[in-house]
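Residues per chain, in single letters:
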Amino acid sequence: MTTRNKLRLGIIGLGQAASHILFEIRNTPECPWVIAAGADPRPHALDEFKKEFGGETYADAAELCRKSNVDAVYVATPPWMHLEHATVAAENGKHIICEKPMALSLDECDAMVAVCKRHNVRLLAGHTHSFDAPIRAIQTLIVDGKVGKLHAINSWNFNEFQHRSRLTKELVATRGPLFNQGPHQIDIVRQIGGGRVKSVRAQTIIDGITGVEGGYTAFLEFENGAAATAVYDGRSLFDTAELFWWRGEGGQKRDPNLASKRRRRYQEIAKLPPDQREQQLAAEKEQGRYGAQDAHAENKYGYSAKPDDLKQPFFGLLVVQCENATIRQSPDGLYLYTDKGREELVLEREARGRLAELNELYDSIVGEREAFHSGEWGTATLEVCFGILESAKLHKDIAMTRQVASW
C-alpha cells in the first residue's frame, strides 16, 4: 500500500456522528487523516477528546476554524447550524465534509456552495450510503454497459429510525426521516440512475406516536428515461433486514426484535409530560454521543462490530432492473440474475461510511479537483427530498431544476 502524507482534520460537533467518525479513524491505521482538533460545547466531551487524541479543543466552532491549523473540518452539528459552520470554515480556508442533511433549505445549500467557491475550498456532501462498494459496483456495471440499459431502481427501507433517541425538535426539523435518511436513499438511486431526476411524485406517512412524518413513498423519473421507487418507513413496525439475512446498515448483525423493542420503548416515553419526555430522550441520546459514560458509544447502534462479523453494508432492500439483468445485493456483494441464472459478484471489503468520505475529500484536495459528492451533488439530492414533501402537499408531480449527472 502506498504511504500517503496525512492531512489534519478537525471535528465540529462531538455527537453521535463524531462517535462513528472517530471509531473508524482510530481503527484504520492507513487512514490519511490525523485527528487534530475538536469543537463542542460539552466540557466532558472535550476532555475525553483531549485525553484520547491529544488534539486542540474548543468550545466554539468559529474559534476552531480561526485558531487551529487543520486542513479540513467535518461538520457534524445539527443541520440548522451547517450553513453557519460551513461559512466560518470556508472563510478560514478549511475544506469541508458536511454531515447530511447538507442544510434545511435549498437557499442555504446555495449559500454553502457559493462561500466555498469564493474561498476556493472543497465542500463534500456526506454521509450517505452512495459511498458503499455495492452501490458503486452497480453504477459501474451500468456505465460499462455490461447489463444493458437501465430500466428501474427500487429501494425500500423499513426500520426503527423514528423511535431512536432524538429530541422532538430534531424530528420536526428534519420532517422525521425525510431530510435525515432521505439523503441516503436518494443519493443511492441518483448515483445508480444517472443523477438527473426529471420529476418527483410522492406521498408521506405520519407516525402516530411522534406526530411527525414517519416515512414516504416516492416515484422518480430520470431524464434518461429510467424510473425509481423510493420507499421509507421508520415507524418500527416492519424491518426489511428480515429480507436480507438480518444485517444492519453497516453490514453488522441486526437484532430481529430491535424495531419492536424501540417502538414499545418510545410508546412509554411518549406517555410522559412533554418536559420529562424531552429530558428522557436527551439523556438517552447523550449515551450515543462522544464523551458519554460509554466514551466509545458507537457500540449503541452496532457500528463497532468486528471486521470478521461484517458483511457488505445495506440501506434496505435494493433491486435494480436492467435490460439484460436484474441486480440485488448479496451479503458479500451482488447477485446478478440473467439468462444464465443467478451468479454472485463478490466485492472486496473497502473503506465504508465516513471513512470513504474522508478518502474522497483527501483525494480531492491532493488532486486539486472537485469531489464527486460535491456541494452541488448534495443540493441536487436535497432538491428531490424537498420535492417529495412538496408533492405530498400538492398532490402533483414536482419538476426538478438543480440536478447534476453521476455518469
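Before any of the text, the structure's been laid out above.
In this text, all values refer to a predicted model and were calculated from it rather than measured experimentally.

Undergrad: Can you break down the overall build of the protein residue by residue, with the values?
TA: Within the protein one finds twelve helices and 15 strands. A compact globule built from 407 residues would reach a C-alpha radius of gyration of about 22 Å, and the protein, at 20 Å, matches this within 12%. Taken along the three principal axes of its C-alpha coordinates, the protein extends 60 × 55 × 45 Å. Counting only residues that meet the buried cut, the protein has 58% of its 407 residues in that class. Considering only contacts in the protein between residues 6 or more positions apart, those separated by 24 or more positions represent 71%. Accessible area for the protein stands at about 16900 Å²; split by element, carbon and sulfur atoms hold 49% of it. When the 51 positive and 55 negative side-chain charges of the protein are each reduced to one mean point, those points stand 2 Å apart.

Undergrad: Go over the state of the cysteines, please, and point to the residues and values.
TA: Per the stated rule, a full pass over the model turns up zero disulfides. For cysteine 109, which is in no disulfide, the shortest distance to another cysteine sulfur is to cysteine 98 and amounts to 8.4 Å. In this model cysteine 385 remains outside any disulfide bridge; the closest cysteine sulfur is found in cysteine 109, 9.9 Å from its own. According to the relative accessible area criterion, cysteine 385 is buried, its value standing at 0%.

Undergrad: Go over the sheet that holds strand 3 (residues 56-58) with me, naming the residues and quoting the values.
TA: Across a sheet, paired strands are connected by hydrogen bonds in the backbone, their directions being either parallel or antiparallel. If you walk across this open sheet you meet the six strands as 3-2-1-4-5-6, and the pairing is parallel. Bordering the open sheet on either side are strand 3 and strand 6 (123-125), each of which pairs with just one other strand. With strand direction ignored, the average angle separating the axes of adjacent strands in the sheet is 25°. With six bridges joining them, strand 1 (residues 7-12) and strand 2 (residues 33-39) adopt parallel strand pairing.

Undergrad: How would you summarise the side chain of arginine 166 if you had to cite specific residues and measurements?
TA: Looking at where arginine 166 falls in the secondary structure, it is placed in the loop between strand 7 (150-158) and helix 7 (168-173). Here arginine 166 occupies a buried position and makes no salt bridge, while the nearest side chain of opposite charge, glutamate 170, is found at 5.2 Å. Sequence-distant contacts of arginine 166, that is, excluding residues within four places in its chain, are made with Phe161, Leu171, Asn180, Tyr266 and Leu281.

Undergrad: Give a detailed account of the packing of aromatic side chains, specifying residues and quantitative values.
TA: One pass over the full model with this rule turns up twelve aromatic pairs. Considering the side-chain rings of phenylalanine 179 and phenylalanine 386, the 4.5 Å spacing of their centres and the 40° angle between planes classify their relative orientation as tilted. One end of the pair, phenylalanine 179, is in the loop between helix 7 and helix 8 (182-193); the other, phenylalanine 386, is in helix 12 (residues 375-394), with 207 residues separating them in the sequence. Accessibility expressed as a relative area gives 3% for phenylalanine 179, which makes it buried. Centre to centre, the rings of phenylalanine 372 and tryptophan 377 are 5.0 Å apart; their planes meet at 40°, and the pair counts as tilted.

Undergrad: Got a sec to walk through helix 5 (residues 106-118)? Specific residues and values, please.
TA: The first and last C-alpha atoms of helix 5 sit 18 Å apart over 13 residues, in line with the 18 Å expected at 1.5 Å per residue. Looking at helix 5, one finds that the buried residues are Leu106, Cys109, Met112, Val113, Val115 and Cys116. Positive backbone phi, at 55°, marks asparagine 120, one or two positions downstream of helix 5.

Undergrad: An account of helix 9 (residues 258-270) is requested, with residue identities and associated values reported.
TA: Over its 13 residues, helix 9 extends 18 Å from the first C-alpha to the last, a length consistent with the 18 Å expected when each residue adds 1.5 Å. Within the span of helix 9, buried status applies to Leu258, Ala259, Arg262, Arg263, Tyr266 and Ile269. Viewed end-on, helix 9 has its buried residues packed into an arc of 125°, placing them on one side of the element. Buried residues along helix 9 sit against helix 7 and helix 10 (274-286).

Undergrad: Talk me through the pattern of salt bridges; I want residue IDs and the actual numbers.
TA: Opposite charge on two side chains lets them pair, provided their charged atoms get close. Under the criterion given, the structure shown has 22 salt bridges. A salt bridge links arginine 8 to glutamate 56, with the nearest nitrogen and oxygen atoms 3.7 Å apart. Here arginine 8, found in strand 1, pairs with glutamate 56, found in strand 3; they are 48 residues apart in sequence, far enough to count as distant. The shortest N-O distance in the salt bridge between glutamate 213 and arginine 175 comes to 2.8 Å. Here arginine 175 lies in the loop between helix 7 and helix 8 and glutamate 213 lies in strand 9 (residues 213-222), a separation of 38 residues in the sequence. Exposure remark for glutamate 213: the relative accessible area of 10% places this residue in the buried category. Taking relative accessible area as the criterion, arginine 175 reaches 30% and is therefore assigned partly exposed. Via salt bridges that share partners, Glu160, Arg164, Asp239, Arg254 and Arg262 belong to a single interconnected network.

Undergrad: Give a description of the sheet that holds strand 8 (residues 197-206) that names residues and reports values.
TA: One open sheet holds the nine strands; their spatial order is 14-13-12-11-7-10-9-8-15, and the pairing between them is mixed. In this open sheet, the two strands that pair with only one neighbour each are strand 14 (341-346) and strand 15 (398-399). Bridging between strand 8 and strand 15 involves two bridges; their strand directions are antiparallel. Paired with serine 199 across the two strands is alanine 399, which belongs to strand 15. Contacts from helix 8 reach strand 7, strand 8, strand 9, strand 10 (227-233) and strand 11 (317-322) within the one sheet, and its direction differs from that of strand 7 by about 165°.

Undergrad: Talk me through the nonpolar core; I want residue IDs and the actual numbers.
TA: Counting 78 residues, the largest nonpolar core has Ile96, Ile153, Ile192, Leu220, Val320 and Ile327 as the members making the most contacts within it. For isoleucine 192, the residues in contact, after removing those within four places along its chain, are Ile135, Ile138, Ile142, Leu150, Ile153, Leu318, Val320 and Trp407. In this structure, Leu9, Ile35, Ala45 and Leu355 belong to the second largest nonpolar core, which totals 29 residues.

Undergrad: Report on the packing of helix 1 (residues 16-26) against helix 11 (residues 353-366), specifying residues and quantitative values.
TA: Following both chains from N to C, one finds helix 1 and helix 11 inclined at 75°, their axes separated by 8 Å at the closest point. Taken as axis vectors, helix 1 and helix 11 run roughly perpendicular relative to one another. From helix 1, Ala17, His20, Ile21, Glu24 and Ile25 reach across to helix 11, where they touch Gly353, Arg354, Leu355 and Leu358.

Analysis parameters
- Residues numbered from 1 in each chain as written.
- Predicted model: local features only at pLDDT ≥ 70, side-chain atom pairs only at ≥ 80, totals over all residues.
- Heavy atoms only, no water.
- Helix = DSSP H or I, 4+ residues; strand = E, 2+ residues; numbered from the N terminus.
- Rg over C-alpha atoms; globule rule 2.2 N^0.38 Å.
- Buried < 20%, exposed > 50% of the residue type's maximum accessible area, 1.4 Å probe, protein only.
- Contact = heavy atoms within 4.5 Å.
- Areas by Shrake-Rupley, 256 points an atom, 1.4 Å probe, with all protein chains shown as cover.
- Lys, Arg positive; Asp, Glu negative; His and termini not counted.
- Charge placed at Lys NZ, Arg CZ, Asp CG, Glu CD.
- Disulfide = S-S within 2.5 Å.
- Pairing = 2+ DSSP bridges.
- Axes fitted to C-alpha atoms, helices over the stretch in contact; angles between N-to-C directions.
- Salt bridge = Lys/Arg side-chain N within 4 Å of Asp/Glu carboxyl O.
- Phe/Tyr/Trp six-rings, centres within 6.5 Å; stacked < 30°, edge-to-face > 60°.
- Expected span 1.5 Å × (residues − 1).
- Arc of directions from axis to C-beta.
- Core = buried A, V, L, I, M, F, W, Y, C linked by side-chain atoms within 4.5 Å.
- Parallel < 35°, antiparallel > 145°, perpendicular 65-115°, else oblique.

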